[in-house]
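Examination of the molecular architecture
If you want the building blocks of each chain, they are given just below.
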Amino acid sequence: MAGIWFDDMEVGQVIDHPIRRTVTETDNVMFTCMTHNPAQLHLDEEYMKGTEFGTRIVNSCFTLSVMVGISVNDTTLGTAVANLGWDEVRFPKPLFHGDTIRVETEIVALRESKSRPQAGIVTFEHRAFNQHGDIVATCKRSGLQMKRPTDG
């Protein structure tokens, strides 16, 4: 169990996740096709040559998924009851094939669960950076998190 118990979390705590991920063209094309997204932004290199980006950009839903996925081992693995939702999802800069994602997570809110005394509700703010240190994605994620088990 690598995740954090609700009782061990503190508002303001920042976790710098050690996993990094270089995004490939295959990642982008497969994810885009699997999710039936026909956007030229992700699939048509010739079209994108004439845009401000000059090349295809990575599907933002893939970026979101990798950002949250990287965070799981250090936050919720084995300690999550349920993911409750994502809010304030933003992509301030595009991600390109060959970029490497680094993620940090801040615990921004904690509260007791009214219906589950053995769990609490946590709000994480995830931030993804490219290899240049530019923020490429952010989101707030709420989850129902287990409290440390008591003996007996």
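Preceding this section is the structure that the text describes.
Residues numbered from 1 in each chain as written. Predicted model: local features only at pLDDT ≥ 70, side-chain atom pairs only at ≥ 80, totals over all residues. Heavy atoms only, no water.

Focus on the overall build of the protein chain
This is how it is decided: Secondary structure counts use DSSP, requiring at least four H or I residues in a row for a helix and at least two E residues in a row for a strand, with both numbered from the N terminus. Only protein chains enter the accessibility calculation, which uses a 1.4 Å probe; a residue is then buried when its area is under 20% of its type maximum, exposed when over 50%, and partly exposed in between. Residue contacts are counted whenever heavy atoms from the two residues lie within 4.5 Å of one another. By the counting scheme adopted, Arg and Lys are positive, Glu and Asp are negative, and His together with the chain ends is not counted. Note on charges: their place is set at NZ of Lys, CZ of Arg, CG of Asp or CD of Glu.
Within the protein chain, the regular secondary structure consists of four helices and six strands. Counted from the first residue to the last, the protein chain has its helices and strands arranged as β-β-α-α-α-α-β-β-β-β. If you line up the protein chain on its principal axes, its C-alpha atoms span 65 × 30 × 25 Å. Taking all 152 residues of the protein chain together, 39% fall into the buried category. Of the contacts made within the protein chain by residues no fewer than 6 positions apart, 71% connect residues no fewer than 24 positions apart. For the protein chain, the centre of its 15 positive side-chain charges and the centre of its 20 negative side-chain charges are spaced 4 Å apart.

Topic: the nonpolar core
Basically, it comes down to this: In plain words, nonpolar cores are sets of buried Ala, Val, Leu, Ile, Met, Phe, Trp, Tyr and Cys residues tied together by side-chain atoms within 4.5 Å.
In this structure, Val 23, Phe 62, Met 67, Leu 95, Ile 101, Val 103 and Ala 128 are the most contacted members of the largest nonpolar core, which totals 16 residues. The greatest single-element share of this core, amounting to six residues, is contributed by helix α4 (residues 60–75). Apart from the residues within four sequence positions on either side, Val 23 is in contact with Val 58, Phe 62, Leu 95, Phe 96, His 97, Gly 98, Asp 99 and Ile 101. With six residues, the next largest nonpolar core counts Ile 4, Met 9, Ile 107 and Val 122 among its residues.

A short note on α4
Put simply, the rule reads: Expected helix span is taken as 1.5 Å per residue step, with the number of steps being one fewer than the number of residues. Throughout this description, a polar contact denotes any pair of N or O atoms lying within 3.5 Å of each other; where both atoms belong to protein, one of them has to be capable of donating a hydrogen while the other can accept it, and for residues adjacent in sequence the pair is counted only when both atoms sit in side chains.
When the terminal C-alpha atoms of α4 are compared, their 22 Å separation across 16 residues agrees well with the 22 Å that a helix rising 1.5 Å per residue should span. Every buried residue of α4 is accounted for by Phe 62, Thr 63, Leu 64, Val 66, Met 67, Val 68, Ile 70, Ser 71, Asp 74 and Thr 75. A distance of 2.9 Å separates the backbone nitrogen of Cys 61 from a side-chain oxygen at the start of α4, and that oxygen is part of Asn 59.

Focus on the packing of aromatic side chains
Two numbers describe a pair of aromatic rings. These are the distance of the centres and the angle of the planes. This is how it is decided: Paired rings are identified among Phe, Tyr and Trp, the last through its six-membered ring, by centres lying within 6.5 Å, and are further divided according to the angle between planes into stacked (under 30 degrees), edge-to-face (over 60) and tilted (the rest).
All told, the structure shown has two aromatic pairs when counted by the stated rule. Taken together, a centroid distance of 5.4 Å and an interplanar angle of 65° make the contact between Phe 31 and Phe 62 edge-to-face. Highlighted residues: Phe 31 in helix α1 (residues 25–34) and Phe 62 in helix α4, separated in sequence by 31 residues. Phe 62 matches Phe 31 in its accessibility class, with the two residues each being buried.

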